[in-house]
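Observations on the model geometry
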Amino acid sequence: MPPPADFRAQIEALRPYLLRYASLQLRDAAAAEDCVQEALLAALTGQASFAGRAKLRTWLTGILKHKIVDAIRRQAREPVVPAEADEEPGEIDELFSERGHWNERPAAWGEPDGALEQAQFFRALEMCLERLPLRTARAFMMREHIGFETGEICKELDITPTHCWVLLYRARMTLRVCLQQAWFAR
Amino acid sequence: MKLLSCKETTRLVSQGLDRELAFGERVALRLHLAYCIGCRRAGRQMTFLRRAVRDLAART
């Protein structure tokens, strides 16, 4: 096990990453900062349980996830967004005809994994994520960023599985269209 | 068996990322995807989104 001072320094070095991780999910800089602070504190006091088994970043991210869930619960108790804001089918319906066929067939993205090597692409992705309605974004990020199962998302957001799948579907379809315009069509 | 529309297909593809689809759903989905390039692309793009978001915190 590394000596305490060294351990502390290693943990501190990961702070920007953790802050970013929490901000992506919470969309609230102050709440993200609190989560990271709590996680780092827990990490320093619980150093013994690290024992170098996992990568330090993975271990810290695991602690941070719990803090983020607590923050989501706190936010859920003070609903700032009226549910209706996320209930409009809007954009998705415009993609299809009345009979449910594509109005405009999705374009090919070629070998999209090349985009994963480019910082610019991630900025486009982030911009697209910011445009999603709050609850839609929250459900999507809980699923794809933190990696929760649908059941956990339902519980934390207090919605039914069906509603959860609708939110995830909308998020994916909206992000597809946004990335098509912001990146792949360039 | 009822044929799926593109809207229903994309909805099922999305749900397939979140839950295990029933046998009938999988069959109907495969059938539609076999002849619909638009839905195949949309499906691939949704899977790509998953990879991209997983990478997001480590970038920038």
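Residues numbered from 1 in each chain as written. Chains lettered and ligands numbered in written order. Predicted model: local features only at pLDDT ≥ 70, side-chain atom pairs only at ≥ 80, totals over all residues.

Concerning the overall build of chain B
Scanning chain B from N- to C-terminus turns up three helices and zero strands. Each helix and strand of chain B, placed in order from N terminus to C terminus, yields the pattern α-α-α. A compact globule built from 60 residues would reach a C-alpha radius of gyration of about 10 Å, whereas chain B, at 13 Å, exceeds it by more than 25%. Projected onto its principal axes, the C-alpha positions of chain B cover 50 × 25 × 15 Å. Per-residue burial over chain B gives 37% buried out of 60 residues. A sequence separation of at least 24 residues applies to 60% of the contacts in chain B between residues at least 6 apart. (Helix = DSSP H or I, 4+ residues; strand = E, 2+ residues; numbered from the N terminus. Rg over C-alpha atoms; globule rule 2.2 N^0.38 Å. Buried ≥ 20, exposed ≤ 12 C-beta atoms within 10 Å, placed from the backbone. Contact = placed C-beta atoms within 7 Å.)

A few points about the packing of helix H1 (residues 6–16) of chain B against helix H2 (residues 23–35) of chain B
Axis angle and axis distance: for two packed helices, these are the angle between their axes and the distance between the axes, and together they describe the pair. Residues and elements named next belong to chain B. Packing of H1 against H2 leaves a shortest axis separation of 10 Å and a crossing angle of 125°. Classified by the angle between their axes, H1 and H2 sit oblique to one another. Judged by the twist between their axes, the crossing of H1 over H2 is left-handed. Facing Thr9, Leu12 and Val13 of H1, the residues of H2 in contact are Glu25, Leu29 and His32. Here the residues of the contact of H1 with H2 are counted per class, giving three nonpolar, two polar and one charged. (Axes fitted to C-alpha atoms, helices over the stretch in contact; angles between N-to-C directions. Parallel < 35°, antiparallel > 145°, perpendicular 65-115°, else oblique. Left-handed = near helix turned anticlockwise from the far one by under 90°. Nonpolar A, V, L, I, M, F, W, Y, C, P; charged D, E, K, R; others polar.)

So, the confidence of the model for chain B
Residues and elements named next belong to chain B. Per-residue confidence for chain B gives a mean pLDDT of 94, with 97% of residues at or over 70. Mean pLDDT in chain B bottoms out at helix H3 (residues 37–56), which sits at 95, and peaks at H1, which reaches 97. For this predicted complex, the interface score ipTM comes out at 0.95, while the overall pTM is 0.88. (pLDDT = per-residue confidence, 0-100.)

Some thoughts on the interface of chain B and chain A
Taken together, the contact pairs 28 residues of chain B with 30 residues of chain A. Contributing elements (two or more residues each) for the side of chain B that touches chain A: H1 and H3 of chain B. The dominant element in the side of chain B that touches chain A, judged by the number of residues it contributes, is H3(B), at 14 residues.

With respect to the packing of helix H9 (residues 161–184) of chain A against H3(B)
Between H9(A) and H3(B), whose axes approach to 10 Å, the crossing angle comes to 100°. One way to sum up the angle between H9(A) and H3(B) is to call them roughly perpendicular. Contacts between H9(A) and H3(B) involve A:Arg172, A:Leu175 and A:Arg176 from the former and B:Ala42, B:Gln45, B:Met46 and B:Leu49 from the latter. Among the residues forming the contact of H9(A) with H3(B), the class breakdown is four nonpolar, one polar and two charged.

Let's talk about the environment of A:Leu175
Counting through the fold element by element, A:Leu175 comes out in helix H9. Along the backbone, A:Leu175 and A:Trp165 are ten residues apart, and their C-alpha atoms lie at a distance of 15 Å. When neighbours within four sequence positions are excluded, A:Leu175 is seen to be in contact with A:Cys128 and B:Leu49.

Some thoughts on the domain arrangement of chain A
Residues and elements named next belong to chain A. What the domain assignment reports for chain A is domain 1 (4–77) and domain 2 (83–184). For domain 1 and domain 2, the distance between their C-alpha centroids amounts to 26 Å. Per-element tally for the side of domain 1 that touches domain 2: the top contributor is helix H4 (residues 56–77), with six residues. Split into classes, the residues belonging to the side of domain 1 that touches domain 2 amount to five nonpolar, one polar and three charged. (Domains from an automatic or database assignment.)

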